[in-house]
Amino acid sequence: MDPNDRARGNAAGRAGGRSKGAGIRGPSSALTDYLQEIGVTEHFRERRRREAEERAAAEQGGQQGQQQGGPQQQANAEAENADEGTEAENAEPDHEETQDVEEETADSALAADMQHAEDQAQEAGPSTVTVQIKAKGKGKRKKDDGSDYEPEDEMTVRGGLNRSSARKGGRMHDCEMCGKRFLVRGEMPEQLLCAACRRSKDKASAADAASVARRARTVQKKPAARHKMRKTEGGLLEFEAELPTLQNLCVRAIARHLDQVDSFGEVSGPSLDRLNRIISKLRVLDAQTMRLFMGADRTSVTLYDCTRIDAAGLRRISDECPVLERLDLQFCGRMDGASLLALAQGLPKLQHVRLDGAFLVRDTEWAAFFREAGGRLCSFSAAFAGFGPKAMRALVTHCVNIESLRLAECSDFDDDCLAMLAVPITEYEEAEQEAERKLRAETGKGKQAVGTVLSWEPLAQLRVLELQRPHKPMVCTTARRVVRALGAQLRVLDMSGFRDLDDGFMGDMGDHVTSLQELALASCDSITGDAMAAFFARRNGFTRVDLGRCYMLTDNTVQELVRHSGATLRHLSLNSVDDSLTQNGLLALAGQMFEQCVGGKEPRLAEQTLGCVGLEVLDVSWVRSTTDNVLETVVSQCKRLASISVYGCGSVSAFAPVRPGLKYVGRECDTL
């Protein structure tokens, strides 16, 4: 034996003693890891060795076959591993599986690796792969095919640990994909992957890149046809249930080429209104195109978007429609006081006026309009306007025949304006109204002789009162005075946004309101559920009720409403009533009246009624107790139900009950 080999063997023996005592195993090569992955283990090798020995013994005899068994088994092992030779040579030994190794000196690490390799060779027998050891500084040697190659400076062992590895250092890490441990030297990579996992990832990335390039080269396919949507005036998105008619197609074609149209000719009222809506939506309605909707015989004009119509164009309405009785102008932000007064003076038969967005008209100019319109006004509606005390004073003094009054989002409307609808008025208000009465008497608008001062007359003809979302705070006492003065004659009452209304207001409502059919108290969150239930128990016959954002409502409130108005109710809004309303309250719409049991037991069904058999529109948005099962019960009982708003109801899924003519608005599972 070569002296150098003997010295290395002694050093390996001493190191091996320490490594065995410490229970440390050396690194493994890429070939060994690959054989373990495909199932070539020590048991497999042992079985192959025994079969080779039996064949050799049968041919040559016991002793001679035993001597030749080792070389033949080694040749068989080399033949089996010939196919994996290329992959084993190209594998990266620096990133294979190994165990945690302490950082020692280069000589100690080399000695431990050599001892472990020898121990493994002795345990595996002659069938294991021979570990080749090359001393440092030996130079090049020839491969079997005659070509030169440069070996490593140190001994090649399992996992690529050698003398160079010990000098370079490194740390053991776990693979993020398979969990195996491997050695990392140099800079830390962005992702800790062993050699096998890194190759798999590179192959997958290359396949994805090739797929993207292949899709880019192919012709883009036509996307699948989606359901067409139409947006209604109320902002509801609906599926087009059927194909458009020829009439609708013609209307749309006219709207797209409106600049080439001189006159609509003989067009029916519904078709003209539909065409008006389409043109307003396209924002092509201006001072030139608005003439298409005018005429000397027109008694009603509705313009849904007056954004592009200036004040001069609005004044032309009185010239082109002298017999106009109903005027509806929306988004008329360019209207001023002069154009408003011109409409009052040029339209002697004007009775119904709706002006939304006329914020340029001042309070005094509104008052001049009411003085000019006088007693011929039957209904008036204004939204987002500077409607203040002077305008309100002129309205209650001159427009005594008004039947419908709607004021929404008026910035100057305050509690003093509300007090003008009630009796008795204060001394200050009496003095302020005296001048208006004198002016009315002098102009001959009053019923009495000129020069006499008329006493205060309530709006005896008023049937509809809508005062929605005032910008200034309202006092509950003033609202109670209005109810006591006008409650008996009202059919529609809307005080949405009056946050100071309390249970006393509901008590006065029960005492004085006798013919009310529509009630809206949205955002009146100071009214309790018991007061509301007591009111509904005393009055019946409601067709429309809006209790959205009245957070103190309970199940009993809905039950009393259904008991006394279920047969006539058509529209119900319980938007955001989520604090105390449960599934039992919603089931009352189907006629199931549950009551609470003493002792915390389950509620029991106390009464079964017909429910809201005529209900058509239901809004239960942001009521978390709304589920598919609850809606199934309600829909099965409410046969005429056509629209259900379920914004924010996460428990309403695609399995909610459906039927022809029923639509869900705001359902989360719907894809638009």
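Residues numbered from 1 in each chain as written. Predicted model: local features only at pLDDT ≥ 70, side-chain atom pairs only at ≥ 80, totals over all residues. Heavy atoms only, no water.

Topic: the overall build of the protein chain
Okay, step 1: Helices and strands together make up the secondary structure of the protein chain, namely 22 helices and 21 strands.
Okay, step 2: Counting only residues that meet the buried cut, the protein chain has 42% of its 672 residues in that class.
Okay, step 3: Across the protein chain, contacts joining residues at least 24 apart in sequence account for 69% of those joining residues at least 6 apart.
Okay, step 4: Approximately 36,100 Å² of the protein chain is accessible, and the part contributed by carbon and sulfur atoms is 49%. (Helix = DSSP H or I, 4+ residues; strand = E, 2+ residues; numbered from the N terminus. Buried < 20%, exposed > 50% of the residue type's maximum accessible area, 1.4 Å probe, protein only. Contact = heavy atoms within 4.5 Å. Areas by Shrake-Rupley, 256 points an atom, 1.4 Å probe, with all protein chains shown as cover.)

What to know about the pattern of salt bridges
Okay, step 1: Scanning all chains against the criterion turns up 23 salt bridges.
Okay, step 2: Note that arginine 667 is salt-bridged to aspartate 670, the shortest N-O span being 3.1 Å.
Okay, step 3: Overall, the relative accessible area of 24% leaves aspartate 670 in the partly exposed class.
Okay, step 4: Through salt bridges with shared partners, a single network forms among Asp328, Arg354, Asp356, Arg406 and Glu466. (Salt bridge = Lys/Arg side-chain N within 4 Å of Asp/Glu carboxyl O.)

Some points on a negative patch on the surface
Okay, step 1: Residues Asp500, Asp502, Asp503 and Asp530 make up a contiguous surface patch of negative charge.
Okay, step 2: The topology assignment puts aspartate 503 in helix H18 (residues 503-512). (Patch = residues over 30% accessible without salt bridge, like charges linked within 9 Å, V, L, I, M, F, W, Y side chains within 5 Å. Lys, Arg positive; Asp, Glu negative; His and termini not counted. Charge placed at Lys NZ, Arg CZ, Asp CG, Glu CD.)

As for the environment of glycine 591
Okay, step 1: Looking at where glycine 591 falls in the secondary structure, it is placed in the loop between helix H21 (583-587) and strand S17 (592-595).
Okay, step 2: On the basis of relative accessible area, glycine 591 is assigned to the buried category, the value being 0%.
Okay, step 3: For the pair glycine 591 and valine 613, spaced 22 residues apart in sequence, the C-alpha separation works out to 9.1 Å.
Okay, step 4: For glycine 591, the residues in contact, after removing those within four places along its chain, are Glu607, Gln608, Thr609, Leu610 and Gly611.

Some words on the nonpolar core
Okay, step 1: Membership of the largest hydrophobic core comes to 125 residues, with the highest contact counts inside it found for Trp366, Phe370, Phe380 and Phe387.
Okay, step 2: Counting seven residues, the second largest nonpolar core, distinct from the first, contains Cys175, Phe182, Leu193 and Cys194. (Core = buried A, V, L, I, M, F, W, Y, C linked by side-chain atoms within 4.5 Å.)

What to know about the packing of aromatic side chains
Okay, step 1: Enumeration according to the criterion identifies ten aromatic pairs in this entry.
Okay, step 2: Ring geometry for phenylalanine 370 and phenylalanine 387: centres 5.8 Å apart, planes at 75°, overall edge-to-face. Taken as a pair, phenylalanine 370 in helix H13 (residues 363-373) and phenylalanine 387 in the loop between strand S10 (379-383) and helix H14 (389-398) lie far apart in primary sequence, 17 residues in all. Taken as a pair, phenylalanine 370 and phenylalanine 387 share a single burial class, namely buried.
Okay, step 3: An aromatic cluster is built from Trp366, Phe369, Phe370, Phe380 and Phe387, whose rings are joined through pairwise contacts. (Phe/Tyr/Trp six-rings, centres within 6.5 Å; stacked < 30°, edge-to-face > 60°.)

So, the state of the cysteines
Okay, step 1: Taken as a whole, this structure holds zero disulfides when the rule is applied.
Okay, step 2: Left unpaired, cysteine 197 is separated from the closest cysteine sulfur, that of cysteine 194, by 3.4 Å. (Disulfide = S-S within 2.5 Å.)

A short note on the pairing of strand S8 (residues 326-330)
Okay, step 1: Most of S8 sits inside the fold, with four of its five residues counted as buried.
Okay, step 2: The sheet contact formed by strand S7 (residues 300-303) and S8 spans four bridges and is parallel. Paired with threonine 302 across the two strands is aspartate 328, which belongs to S8.
Okay, step 3: The parallel pair S7 and S8 is bridged by helix H11 (residues 311-320), and the resulting crossover is right-handed.
Okay, step 4: Both S8 and strand S9 (residues 352-356) contribute to a ladder of five bridges, which runs parallel. Bridged to aspartate 328 within S9 is arginine 354.
Okay, step 5: Crossover connection from S8 via helix H12 (residues 337-346) to parallel S9: handedness right-handed. (Pairing = 2+ DSSP bridges. Right-handed = clockwise from strand over helix to strand, strands pointing away.)

Focus: the confidence of the model for the protein chain
Okay, step 1: For the protein chain, per-residue confidence averages 77 on the pLDDT scale, and residues scoring 70 or more make up 71% of the total.
Okay, step 2: The model gives residues 65-113 a pLDDT under 50, and that stretch makes 77 contacts with residues more than four places away or in other chains. (pLDDT = per-residue confidence, 0-100.)

A few points about the pairing of strand S11 (residues 404-408)
Okay, step 1: As paired elements, S10 and S11 share five bridges and run parallel to each other. In the sheet register, serine 381 faces S11, and the bridge partner there is arginine 406.
Okay, step 2: Handedness of the β-α-β unit built from S10, H14 and S11 comes out right-handed.
Okay, step 3: Across five bridges, S11 lies against strand S12 (residues 464-468) in parallel orientation. Counterpart to alanine 408 in the pairing with S12 is glutamine 468.

A word on helix H20 (residues 555-565)
Okay, step 1: Buried residues dominate H20, accounting for eight of its eleven residues.
Okay, step 2: If you check which residues of H20 are buried, you get Asp555, Thr557, Val558, Gln559, Glu560, Leu561, Val562 and Ser565.
Okay, step 3: In this structure, the buried side of H20 is in contact with helix H19 (529-538), strand S15 (544-546), strand S16 (571-573), H21 and S17.

Structural notes on unusual backbone geometry
Okay, step 1: Positive phi, close to 55°, is recorded for phenylalanine 384, a residue that is not glycine.
Okay, step 2: Mapped onto the elements, phenylalanine 384 comes out in the loop between S10 and H14.

Some points on helix H17 (residues 476-486)
Okay, step 1: Three or more residues of H17 are buried, namely Cys476, Thr478, Ala479, Arg481, Val482, Val483 and Leu486.
Okay, step 2: In this fold, the buried residues of H17 make contact with helix H15 (415-419), S12 and H18.

Considering the side chain of aspartate 363
Okay, step 1: Mapping aspartate 363 onto the fold places it in helix H13.
Okay, step 2: For aspartate 363, which is buried and forms no salt bridge, the nearest opposite charge comes from lysine 390, at a distance of 6.0 Å.
Okay, step 3: Beyond its immediate sequence surroundings of up to four residues, aspartate 363 is in contact with Gly386, Phe387, Gly388, Pro389, Lys390 and Ala391.

Let's talk about the side chain of aspartate 628
Okay, step 1: By secondary structure assignment, the location of aspartate 628 is in helix H22 (residues 628-637).
Okay, step 2: Put simply, aspartate 628 is tucked away with no salt bridge, and the nearest opposite charge, on arginine 667, sits 6.5 Å away.
Okay, step 3: A distance of 2.4 Å separates the side chain of aspartate 628 from the side chain of serine 653, its partner in a polar contact.
Okay, step 4: When residues no more than four places from it in sequence are discounted, the contact partners of aspartate 628 are Ser651, Val652, Ser653, Phe655, Ala656 and Pro657. (Polar contact = N/O pair within 3.5 Å; in protein donor to acceptor, adjacent residues only side chain to side chain.)

Some thoughts on the packing of H19 against H20
Okay, step 1: Put simply, H19 and H20 touch, their axes get as near as 8 Å, and they point 10° apart. Classified by the angle their axes make, H19 and H20 are roughly parallel. Residues Gly529, Met532, Ala533, Phe536 and Ala537 of H19 pack against Asn556, Thr557, Glu560, Leu561 and His564 of H20.
Okay, step 2: Residues of the contact of H19 with H20, tallied by class, amount to five nonpolar, four polar and one charged. (Axes fitted to C-alpha atoms, helices over the stretch in contact; angles between N-to-C directions. Parallel < 35°, antiparallel > 145°, perpendicular 65-115°, else oblique. Nonpolar A, V, L, I, M, F, W, Y, C, P; charged D, E, K, R; others polar.)

Some details on the packing of helix H9 (residues 246-256) against helix H10 (residues 269-281)
Okay, step 1: Here H9 crosses H10 at 45°, and the two axes come no closer than 9 Å. As far as their axial angle goes, H10 and H9 are oblique. Where H9 crosses over H10, the two elements pack in a sense that is right-handed. Facing H9, whose interface residues are Gln247, Asn248, Val251, Arg252, Ile254 and Ala255, H10 presents Ser271, Arg274, Leu275, Ile278 and Ile279. (Left-handed = near helix turned anticlockwise from the far one by under 90°.)

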